[in-house]
Amino acid sequence: MHETLCADQKARPELTTHRRDPWPTVRMNVAQEFDPLFHAALALNLSGETAEAALITITRTTGSTFRRAGASMLVHQDGRLVCELSGGCPQRDIVLRSQQAMACDEPAVINYGRESNFDVMLETGCGGELEVLIEPWRRPDDIAFLYAIEELRSRRTQGAMASLFTADGGLASERPRRLVHGGGKTWTNIGRSTVERQILSTLLSAGTSTAAVAQQVELEGHRRDVLLEYLQPPHALVVIGDGIGASALVQLSMQLGWRTTLVNPSSATEVAHAGARFMSATPDMLLSSVPLDSLTSVVVMTHRLDRDIAYVNAVVKSSANYIGVIGSRSRAQAILSALPGEEARVHAPAGLDVGSETPQEIALAIAAEILAVRNKRMGGPLVHSRNAIHP
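Below is a summary of the structure that appears in this document.

With that settled, the discussion passes to the pairing of strand 12 (residues 222-231). Of all 10 residues making up strand 12, eight are buried, and the element is well covered by its neighbours. For strand 11 (residues 211-219) and strand 12, the ladder comprises seven bridges, and the chain directions are antiparallel. Among the inter-strand pairings, Gln216 is bridged to a residue of strand 12, identified as Asp225.

Under the definition given, this model contains 20 salt bridges. For Asp78, the salt bridge identified is with Arg80, shortest N-O distance 2.8 Å. Using a relative accessible area of 52% as the deciding quantity, one classes Asp78 as exposed. Taking the shortest distance from any N to any O, the salt bridge between Arg223 and Glu218 comes out at 3.3 Å. By relative accessible area, which is 41% here, Arg223 ends up partly exposed. Relative accessible area serves as the criterion here: at 42%, Glu218 is assigned to the partly exposed category. Here the salt bridges share partners, and the residues they tie into one network are Asp105, Arg138, Arg139, Asp142, Glu174 and Arg175.

Another point: helix 6 (residues 244-255). Taking 1.5 Å per residue, 12 residues should reach 16 Å; helix 6 reaches 17 Å between its end C-alpha atoms and fits that length. Contacts from the buried residues of helix 6 go to strand 13 (236-240), strand 14 (259-263), strand 16 (296-300) and helix 10 (359-374).

This brings us to the packing of helix 6 against helix 10. Relative to each other, helix 6 and helix 10 sit at 55 degrees, their axes nearing to 8 Å. What the angle tells us is that helix 6 and helix 10 run oblique. The crossing of helix 6 and helix 10 is right-handed. Between helix 6 and helix 10, the contacting residues are Ile244, Gly245, Ala248, Leu249 and Leu252 on the first element and Pro359, Gln360, Ala363, Leu364, Ile366 and Ala367 on the second. In terms of residue class, the contact of helix 6 with helix 10 is built from nine nonpolar, two polar and no charged.

With that settled, the discussion passes to the sheet that holds strand 13. The six strands are arranged 15-14-13-16-17-18 in an open sheet whose pairing can be described as parallel. Pairing within the sheet leaves two strands with one partner each, and these edge strands are strand 15 (277-279) and strand 18 (346-347). Each of strand 13, strand 16, strand 17 (322-325) and strand 18 touches helix 10; the most contacted strand, strand 17, lies at about 155 degrees to it.

Okay, unusual backbone geometry next. Omega for the bond connecting Ala348 with Pro349 falls within 30 degrees of zero, at 0 degrees, which places this linkage in the cis form. When you line up the elements, Pro349 lands in the loop between strand 18 and helix 10. Of note, Asp105 is a non-glycine position whose phi angle comes to about 55 degrees, a positive value. With respect to the helices, strands and loops of the structure, Asp105 is situated in the loop between helix 2 (89-104) and strand 5 (108-112). Using a relative accessible area of 18% as the deciding quantity, one classes Asp105 as buried. Unlike most non-glycine residues, Lys376 shows phi in positive territory, near 55 degrees.

Further remarks concern the packing of helix 8 (residues 305-315) against helix 9 (residues 329-337). Between helix 8 and helix 9, the least distance of the axes is 10 Å, while the angle of their chain directions is 45 degrees. One finds that helix 8 runs oblique with respect to helix 9. Of the two elements, helix 8 crosses helix 9, and the hand of that crossing is right-handed. Across the interface between the two elements, Leu305, Asp308 and Ile309 of helix 8 pack against Arg331, Ala334 and Ile335 of helix 9.

Moving on to the environment of Arg139. Summarising the element assignment, Arg139 is placed in the loop between strand 6 (129-137) and helix 4 (144-154). Take Arg139: its relative accessible area is 23%, and that puts it in the partly exposed class. Sequence separation between Arg139 and Asn45 is 94 residues, and the spatial gap between their C-alpha atoms is 8.7 Å. Contact partners of Arg139, with chain neighbours within four places excluded, come to Leu46, Gly48, Glu174 and Arg175. Within polar-contact distance, the side chain of Arg139 engages the side chain of Glu174 at 3.3 Å.

The rules behind the values
Residues numbered from 1 in each chain as written. Predicted model: local features only at pLDDT ≥ 70, side-chain atom pairs only at ≥ 80, totals over all residues. Heavy atoms only, no water. Buried < 20%, exposed > 50% of the residue type's maximum accessible area, 1.4 Å probe, protein only. Helix = DSSP H or I, 4+ residues; strand = E, 2+ residues; numbered from the N terminus. Pairing = 2+ DSSP bridges. Salt bridge = Lys/Arg side-chain N within 4 Å of Asp/Glu carboxyl O. Expected span 1.5 Å × (residues − 1). Contact = heavy atoms within 4.5 Å. Axes fitted to C-alpha atoms, helices over the stretch in contact; angles between N-to-C directions. Parallel < 35°, antiparallel > 145°, perpendicular 65-115°, else oblique. Left-handed = near helix turned anticlockwise from the far one by under 90°. Nonpolar A, V, L, I, M, F, W, Y, C, P; charged D, E, K, R; others polar. Polar contact = N/O pair within 3.5 Å; in protein donor to acceptor, adjacent residues only side chain to side chain.

Given below as structure tokens:
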């Protein structure tokens, strides 16, 4: 049986009752999942008559769960999903509850834990507990906060967002209220200056943590639940090359949701890769043509030793987080010998040792190493790791 979220919502306190014990700090949703959510939101007909979709956000977790706090999924009226949270029973139950919330145009907070709905979690074999916020989208104002996030992302600026979703154990308002801050700018629809100042202070005091966590905050005499999320620009990958290997890596990068640029060193003829940026740039032009910040990885694969060295010599002057060059060990040693003092920054040969042979397998090995470097992991088998599976 699934609880009704409209008329029965206030009569069933388990749907909005919050645990008062401390919850662990957990990781936020990955940055590359924002783009499909944002594009799906832009395609909605938010006329104000009926809810077109509902945004589901995990606000708290404890123990073993399929995703962590900050992870979001969009549910359309007809059940279509964008950025699925999982394939198991919790997701199916969440979708049903989201459709009920859309029907009555009221947000809801649902607990899946030992106090309620724990059977749904047991069916997945997770054994953990989680809480989700369901917010129907009916009006253009419902998605205004997404534009504020997209502005930060377009400027590749880090930021943070606070979402107020409960007050004194019940839903805070008709819709969650938010504050987005980054790059010295603040967007908010909270509408109360004293609350906005206190929330902004809370965000700034949290620093640049990469975690999303729900906190209880005293605001104007009310105890409110606030989800604090760190907003990170999407990872970017710059591939320098013109062969089938470069093409395979670009295609995989796009599938991973990375902002992808293909730099063709030998021709201005554009290679078709839907969604990827294409450009022609010499080593001397590279830094002025392509932004290489600390959230960018660069892979050089021109298949010409002198040209590889020239490009890598330019890239090491940037803030790029990962610099990789493909090739044999002897070729890699020749490249590193030409870059004294930079050996620690350059991954040559690029990629994890997984026995890759084809261009597609090599692309997979390189992308896996980039992920490992980004997440400060060794890249070995999970069965031998003692670290938490989720970064």
